[in-house]
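Each chain is listed here by its residues.
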Amino acid sequence: MTAAGVSRCSTFTLLRGLSTTVPLSQGVPGAVWKLGKLNHIAIAVPDMERATALYRDVLGATVSEKVPLPEHGVYTVFVELGNTKLELLHPLGDKSPISGFLQKNKSGGMHHICIEVDDIKAAVADMKAKNIRTLSAEPRIGAHGKPVMFLHPKDCDGVLVELEEA
């Protein structure tokens, strides 16, 4: 029992009852765009074949074929998880941004998260107006064939955030 005569369990239940479920699609009041669901979590891997085999053969996930994206300097493999995807990233070419990441993180690791938005141009304009830096001047076409924009990790609590138009 706590000092007020309420058990810890009751206190937890009371506090838990105060939490709410946030709608899947949310936005800042008055904004012309909305934040959607988590699309994927990207993981940089030093050995694409080994990483693909782990998710496919050991964990039993459905994985895509390896796809080169020369305009982004990466190979990608998508791992289907039911409620989201993992994107395995491996360097393609000498100027791949993943090469630098893997030089600092020899075993690989989480590279970025991707969140869907309903209007990429409005979202990017809003981010820039709020002094959130972007990694390119304009959205580019991403791995899903849709416009994407990366937000600078220094402006996003140390996380590289990719916005993708739903």
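Residues numbered from 1 in each chain as written. Predicted model: local features only at pLDDT ≥ 70, side-chain atom pairs only at ≥ 80, totals over all residues. Heavy atoms only, no water.

Student: Before we move on, could you go through the nonpolar core and cite the residues and values that matter?
Tutor: Grouped together as the largest cluster of nonpolar side chains are 14 residues, with contacts concentrated most on Trp 33, Val 117, Ile 120, Met 127, Leu 151, Val 161 and Leu 163. Contributions of two or more residues to this core are made by strand 6 (109-117), helix 4 (120-129), strand 8 (147-151) and strand 9 (161-165). Per-element accounting of this core gives the leading share, 5 residues, to helix 4. By size, the runner-up hydrophobic cluster in this structure holds 11 residues, among which are Met 48, Ala 51, Ala 61 and Val 63. (Core = buried A, V, L, I, M, F, W, Y, C linked by side-chain atoms within 4.5 Å. Buried < 20%, exposed > 50% of the residue type's maximum accessible area, 1.4 Å probe, protein only. Helix = DSSP H or I, 4+ residues; strand = E, 2+ residues; numbered from the N terminus.)

Student: Residue-level account of the confidence of the model for the protein chain, with values.
Tutor: Reading fine detail from the predicted coordinates is not recommended where pLDDT is low. For the protein chain, per-residue confidence averages 88 on the pLDDT scale, and residues scoring 70 or more make up 82% of the total. Overall, residues 6-19 carries pLDDT values under 50, and its contacts beyond four positions in sequence, including any with other chains, amount to 6 contacts. (pLDDT = per-residue confidence, 0-100. Contact = heavy atoms within 4.5 Å.)

Student: Can you lay out the pattern of salt bridges for me, pointing to particular residues and giving the numbers?
Tutor: The tally for this structure, following the rule as stated, stands at 4 salt bridges. A salt bridge links Arg 56 to Asp 57; the shortest N-O distance between them is 2.8 Å. The partly exposed category is assigned to Arg 56, whose relative accessible area is 40%. For Arg 133, the salt bridge is made with Asp 155, and the minimal N-O distance between the two is 2.9 Å. One end of the pair, Arg 133, is in the loop between helix 4 and strand 7 (140-141); the other, Asp 155, is in the loop between strand 8 and strand 9, with 22 residues separating them in the sequence. (Salt bridge = Lys/Arg side-chain N within 4 Å of Asp/Glu carboxyl O.)

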